[in-house]
Structure formats: structure tokens, C-alpha cells
Amino acid sequence: MKATSPLKQAYGRFKAIIFATVIFSFFSNLLMFVGPLYMLQVYDRVLASRNEFTLLMITGIAVAMLVTYGFLEFIRSKMLVRAGLQFDDMLANPAFNRVVRKQLLAPNSGAHATLQDVDRVREFLTGQGILAFFDAPWVPLFLALVFAFHPWLGLVATIGALIIFALALTNEFATRGLLQEAGTANAGAAHFVNTTVQNAEVIRALGMEKPLTNRWLKQHDSVLDAQAKASGRAGAIMASTKFVRMSLQIAILGMGAYLAIQQQISPGIMIAASIVMGRALAPVEQAVGQWKQFVAARQSHKRLTEIFETLGDEEQRMQLPAPKGNLVVQNLIASAPGSKKPILKGISFNVAQGEVLAVIGPSGSGKSTLVRHLVGAMQPQSGAVRLEGVELHHWDSDQLGRYMGYMPQDVKLFRGTVSENISRFIDNVEDKEIVAAATLSGAHEMIATLSDGYDTDVGDGGNGLSGGQRQRVGLARAVFREPSLIVLDEPNSNLDAHGEQALANCIQEMKKRGKTVILVTHKANLLALSDKALMLVNGQIEKFGPTREIFAQAQQQAAAQQDQQKKEAAAAGAGSPAVVSMTDKPRA
Ligand SMILES: Nc1ncnc2c1ncn2[C@@H]1O[C@H](COP(=O)(O)OP(=O)(O)OP(=O)(O)O)[C@@H](O)[C@H]1O
């Protein structure tokens, strides 16, 4: 049986609260009759009989009922606020989980908007908008009361309610498409701004402000355009609604006065009918006023339903024994998120515990794509990556993270202190564990020179540190708690000689401790530390085996190539041949 999604569970919990609120609404709506009934009694009884005691009595009863009404309203709104908190509580974690997963699957889909969608739906469900819907079922009751006063009065009120309802429907059809269009365009424009301002340096340095502003303005204009059209139409409908509403007031009083002249009703009933009709129309009018929020919430609900339907709950995985670091890759075929075109075209190799594997290859050959699969950040199109014989996606992701060290090409630190970044933001980590990781990665001395040492705030994305410092903190984070498998993507791209030496020492030490290390590099000194080398060319393995053998082979090939070139040059009587070396960065 398919498990109920957290979204459905949250709505389910909300249903119970809504049911209770509807019951409250029933009583508070009944108590709304107090005003008109009091009016009726005063006009028809007190004024006619001039009895002060009756006036005192009915005033006392009316006040007591109004106090009860206020109390019920208070409870009703309190219940909704509590329901909102519960709704958020039930969805915050699952929604965040989906944001991360969707971002991995479709990086440009603006997954973060999911959290705003939760807020928007919650705000609607707990705000004024929903109250109008709760009060709507009592509209017939109020109309029935007006009918009870006199059928002609009932008819006027009912026709009025129908006209206002028809205007509400017209509003829906006239603005739905436009509001949706504006919502989508707005999300696109916001995403564009978010992603663009992150590159503010480049924008300023390369004078790109104007063209990028123009691009944003185009999107922004289409938001304004759709919003202005929708507001124009909604405004016209709102004005018509007001006109109808005020005309109705006159119509019902006019009709009441006519009936009073005909002595079919008393003047008290005339006034009471006007008040009751006002109550009957209020929820309809309120719904018209809340329409924009309703449409936005409905759009958010649609997006939430879609993301929760496409990304179910992650299965609870069994905790497996700690992996040793034996990695097997079987016929791995992989493509970019949302694309079918393979980047990796059937990769198979294995690395045993304690081995160091160097991945080399020209730019764009698929090295980073491969390492993203080795750490489980991307899922294969087909084939498998197994750690200790178990496919990566069968591991519990939290447990897998505990045994995995990863440093991407672009290190990506998070807003927080150096020590929080090294300890992966895990709570209650002992200082000595953080210092151990920094010492192992050779970053301890460098961190000591920072303004606040381990407590230095690294800023958004680690921007408060230099590229080299970021890389060294990133390495400390990768080796935190000595994972079994450490994957480093070009770990030395920003390091000075001292940093490179620290990196080489760290790799050697991890190997000594029986950890498996996979690194993408072209540096001769790091290649020299590796047991195996894998050369990727155009998404396929060109060479794989013990590093020495591969390099011996390459040197032989290079020598043979040189001989050949020399011979050709001698034959052509031309200049000296080019020198090819495997230690050169083999970029295309
Ligand atoms: N998100 C993506 N969408 C589409 N194509 C992608 C994506 N990521 C990578 N690619 C493509 O996959 C290929 C391999 O990219 P990858 O980053 O794995 O190469 P690489 O060997 O690590 O390159 P470099 O040495 O320059 O870092 C490239 O042709 C790249 O254009």
C-alpha cells in the first residue's frame, strides 16, 4: 500500500481542526442574529410598550450573547493559529528534504520556492481567507431568516447574493489565467535575481549591470503586465460588487418601507432584514476580496502536491556495518539532470580499501560527474556504484555521509564558523574531534592565524576566506571523523606549496590508516602518491590500472611518438618535434 505523503497527512490533520472550526463557526454565526433580533425587540416591543425593564432584560441577554460570540471568535482564531503551527511542524522537514532532492535532480527548477509554498498555503489556511469559506455555508440560513421576515424581502436578498456570487465567479475566470501567469513570471524573475546577484563581482568588473538589469526588467515587466491586467479586471468587478451591494441595501430598505406602508411588516423588521442581509452577503464579499490570496495559495498547493507526489518519502534504510572503503563501479552510465545524453558511457572499475586512485583526463571528459556519482550526489542512469557491495542509494544517506568525505571542485562552505563547517554542522561535537580533523588535513596552523581561529565566521559560501583557505577548511571537513572513503575533486587547485605539501601528507596519512582515497588531479606529486590511475576520455575509460604501469606505458608511447616524429621531421628536413609528457595536464 502506498504510504500517505506528509502533505496529505498535514492536510488530514488540518481537516480535523477545520471540522472543529466549522462547528465553532456555526455557533458564532447563530450568535450573529443577536444584533438584528435585539433591534427587532427594541423597535417593536420596547418602543411600543415603553417598558424599561424589558429593555434592561433584553440588553443584558444581548450583551451576554455578544460576550459568548467574542469568546467563540477568539477560540476559533486561536485554533487556526495552532493548526498553522502544526501544519508547519509536519511539513518543514519533509519540504526541506524535497528541496534538497529536487535541487539535485533539477538544479534550475527553483526548488527553494517549495518552502515559500508551504508558508503561502499555511497563511491562507489560517488567515481571513479561509474564514470567509467557513462562513459561506451559513449564508442560506441568513437568507432563510430574511424570507421568514417576508418572502419579498427574502427574494431581494437572494437575488443580491446570487449577483454577488456571479461577480465572484466572473472574477475567478477573468483573473485566474493572468494571476497564474504573474505568479510563474514572478518566481522566474526572483530566481534570476537570486542567482545573478551571487555573481555581483563579475557583474561589476565586466560592466554587465545594464544588460543583466535589462534581462531582469523584461521578466519583471511581464509580471507587472499580468498583475496590472488582473488587478484592472478585479478592480472593475470589485467596483461592480460595491455598487450591487449598496444598491441592495437601498432595495431592501425600499422594499421594507413599502411593505411597512402596506402594514405587512413592522419598521423593526425592515431594519432587521437589512442587517441580516448584510450578514448574509459578508462572506461572499469577503471571498471576492480574498480572491488573489486564494489563487496564490491554490497555485502553491498545486506545486506542493506535484513535488510531494513525484518525490515520495525516502525509504527507511537499515543501518549497515561500517564500510571499510571497498568501492566497485559497474557499467556506470550517467547523464546530466534532466538530460538523456550520456556523459559517462559504461564505466567499470574498483578500488580496494586503503588504495589511492587518481582520476585524470581532459577537461569535460566527465571526471567531476564521475566523482559526484561515487559520493551518491547523483544517481546513475544505469549501472551501479557499490560501497562494500551495497549500492549507494541503498545506504541510509545520513549513515553514508558519516563514512564519506567529499570535497567538490568548488569547495562550498556554509555560513557559520570554521569549526561548524569542519564538523559538518553536527550538534555537540567535541572540540578535539574538530582539531583532529584540522590537524590531519594540515589546516590547524592556518586556522590559528585567522582572526578568531576556529570561531572565525566564514561568511556566505565561505566568502570570508581566500580560495586556498577555503580549500584547506574543505579538506578538514572531508576528513572529519576519518571517513572510510574520501573523494577529492581537484583538491589542490588553489593551494600554495605549503598547502600542497599538507594535502600530500594528509593523503598519505589517510592511506596509512586504511582509508580509500579517490582524487581528481593532474599534479605529478599527487599522482605519485596514487596506487591506481584512471584516465577518462570523452566519458569512457581510456586507461585504468596501477599508476606506475600506466605511466610507464604512456612514457613508452610518448617515446615511440617522439621517435616517429623525429623520423618524419628528418624525412621532411623540418624542425624539432613537440615533447609530450604524461605529467603535463592532459587537457584537450
Ligand atoms: N548540469 C549539467 N548539464 C548539462 N551538461 C553537463 C552538466 N554537468 C556537466 N555537463 C557536461 O558533462 C561533461 C562532463 O563534465 P564534467 O564537469 O564531469 O567534466 P570534467 O572532466 O570534470 O571537466 P573539468 O576538468 O573541466 O572539471 C561536459 O561536457 C559538461 O558540459
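Residues numbered from 1 in each chain as written. Predicted model: local features only at pLDDT ≥ 70, side-chain atom pairs only at ≥ 80, totals over all residues.

1. Things to note about the overall build of the protein chain
When helices and strands are counted, the protein chain shows 20 helices and 10 strands. Relative to the globule expectation of 25 Å for 588 residues, the C-alpha radius of gyration of the protein chain, 36 Å, shows a markedly less compact shape. With respect to the three principal axes, the spread of C-alpha positions in the protein chain is 125 × 55 × 50 Å. Classification of the 588 residues of the protein chain by burial places 34% in the buried group. (Helix = DSSP H or I, 4+ residues; strand = E, 2+ residues; numbered from the N terminus. Rg over C-alpha atoms; globule rule 2.2 N^0.38 Å. Buried ≥ 20, exposed ≤ 12 C-beta atoms within 10 Å, placed from the backbone.)

2. Quick notes on unusual backbone geometry
Unusually for a residue other than glycine, Glu482 sits at a positive phi of about 45 degrees. Relative to the helices and strands, Glu482 is located in the loop between helix H17 (467-478) and strand S7 (485-489). Although it is not a glycine, Asn538 sits at a positive phi angle of roughly 50 degrees. Looking at the element boundaries, Asn538 is found in the loop between strand S9 (532-537) and strand S10 (540-546).

3. Examining the packing of helix H4 (residues 113-126) against helix H11 (residues 291-310)
With their axes 8 Å apart at the nearest point, H4 and H11 run at an angle of 130 degrees to one another. One element, H4, and the other, H11, form an angle in the oblique class. Relative to H11, H4 is oriented so that their crossing is left-handed. Residue-level inspection shows Thr114, Asp117, Val118, Arg120, Val121 and Phe124 of H4 in contact with H11, the latter providing Gln293, Phe294, Ala296, Ala297, Ser300, His301, Arg303, Leu304 and Ile307. (Axes fitted to C-alpha atoms, helices over the stretch in contact; angles between N-to-C directions. Parallel < 35°, antiparallel > 145°, perpendicular 65-115°, else oblique. Left-handed = near helix turned anticlockwise from the far one by under 90°. Contact = placed C-beta atoms within 7 Å.)

4. Some thoughts on the UniProt feature "transmembrane region" (unreviewed entry) in the protein chain
As recorded in UniProt, the feature "transmembrane region" (unreviewed entry) lies at residues 12-33, 53-72, 130-149, 155-174 and 243-261. Taken end to end, residues 130-149 is 85% helix and 0% strand, and its first and last C-alpha atoms sit 30 Å apart. (UniProt positions renumbered as here; feature names shortened; annotations may be inferred.)

5. Some points on the nonpolar core
Val359, Ala476, Val479, Val487 and Ile518 are the most contacted members of the largest nonpolar core, which has 66 residues in total. When sequence neighbours within four positions are dropped, the list of residues in contact with Ala476 reads Ile422, Ala437, Ala438, Ser441 and Ala443. Formed by 61 residues, the second largest nonpolar core is a distinct cluster that contains Phe14, Ala83, Ala95 and Ile307. (Core = buried A, V, L, I, M, F, W, Y, C linked by C-beta atoms within 7 Å.)

6. Describing the sheet that holds strand S6 (residues 404-407)
Adjacent strands of a sheet pair through backbone hydrogen bonds, lying either parallel or antiparallel. In spatial order, the strands read S6-S7-S8-S3-S9-S10; together these 6 strands make up an open sheet with mixed pairing. With partners counted over all chains shown, the strands left at the sheet margins are S6 and S10, one partner each. Neighbour-to-neighbour, the strand axes of the sheet open up by a mean angle of 15 degrees, direction not taken into account. Where S9 and S10 come together, 6 bridges link them in antiparallel fashion. For Lys532, the partnering residue across the bridge sits in S10 and is Pro546. Relative to S6, H17 is tilted by about 165 degrees, and along the sheet it contacts S6 and S7. (Pairing = 2+ DSSP bridges.)

7. Quick word on the pairing of S6
Neither face of S6 is exposed, since Met404 and Tyr406 on one face and Gly405 and Met407 on the opposite face are all buried. One ladder, built from 4 bridges, connects S6 with S7; its direction is parallel. For Tyr406, the partnering residue across the bridge sits in S7 and is Val487.

8. Describing the site of the ligand
Looking at the ligand, there are 13 residues lining it, with Ala336, Ser363, Lys367, Ser368 and Thr369 nearest. At 3 residues, helix H12 (residues 367-374) tops the list of elements feeding residues into the shell around the ligand. Looking at side-chain class alone, the shell around the ligand contains 3 nonpolar, 9 polar and 1 charged residues. (Near = placed C-beta within 6 Å. Nonpolar A, V, L, I, M, F, W, Y, C, P; charged D, E, K, R; others polar.)

9. Notes on the environment of Ser419
Looking at where Ser419 falls in the secondary structure, it is placed in helix H14 (residues 418-422). For the pair Ser419 and Glu433, spaced 14 residues apart in sequence, the C-alpha separation works out to 9.9 Å. Every residue in contact with Ser419, bar those within four places of it in the chain, is listed here: Ile434, Tyr454 and Asp455.

10. Description of the pairing of strand S1 (residues 327-335)
Judged from the 7 bridges that link them, S1 and strand S2 (residues 342-351) form a sheet pairing that is antiparallel. Its bridge partner lying in S2, Val328 is registered against Asn350. A loop of 6 residues connects S1 with S2, the two strands running antiparallel in sequence, and Gly338 in this loop sits at a positive phi of about 80 degrees. Here 5 bridges tie S1 to strand S4 (residues 382-387), and the two strands are oriented antiparallel to one another. In the strand pairing of S4, Ile333 is matched with Ser382.

11. Side note on the confidence of the model for the protein chain
Summarising the model, the protein chain shows a mean pLDDT of 86, and 96% of its residues fall at 70 or more. Ranking the helices and strands of the protein chain by mean pLDDT puts S7 first, with 96, and helix H5 (residues 128-135) last, with 75. Residue range residues 575-588 is modelled with pLDDT below 50. Its contacts to residues more than four positions away, or to other chains, number 23 contacts. The ipTM value of the predicted complex is 0.96, and its pTM value is 0.73. (pLDDT = per-residue confidence, 0-100.)

12. Some points on the environment of Val479
By secondary structure assignment, the location of Val479 is in the loop between H17 and S7. Distance from Val479 to Ile434, taken between C-alpha atoms, is 10.0 Å for residues 45 residues apart in sequence. When near neighbours in sequence (up to four residues on either side) are disregarded, Val479 contacts Gly405, Ala437, Leu440, Ser441, Ile486, Cys506 and Met510.

13. With respect to the packing of helix H6 (residues 139-149) against helix H7 (residues 151-197)
Two elements in contact, H6 and H7, have axes separated by 5 Å at closest approach and are oriented at 150 degrees. As far as their axial angle goes, H7 and H6 are roughly antiparallel. The interaxial crossing formed by H6 with H7 has right-handed handedness. Every residue of H7 that contacts H6 at Val139, Leu143, Val146, Phe147 and Phe149 is listed here: Pro151, Leu153, Gly154, Ala157, Thr158 and Ala161. Split by residue class, the contact of H6 with H7 holds 9 nonpolar, 2 polar and no charged.

14. Concerning helix H10 (residues 267-289)
If you check H10, its first and last C-alpha atoms are 32 Å apart, about what 23 residues at 1.5 Å a residue would give, namely 33 Å. Along H10, the sharpest kink reaches roughly 35 degrees, centred on Ala282 and followed within four residues by the proline Pro283. (Expected span 1.5 Å × (residues − 1). Bend = angle between axes of the 7 residues up to and from the residue.)

15. Focus on the sheet that holds S4
If you trace the 4 strands from one edge of the open sheet to the other, you get S2-S1-S4-S5, paired in antiparallel fashion. The outermost strands of the open sheet, each flanked by one partner alone, are S2 and strand S5 (390-391).

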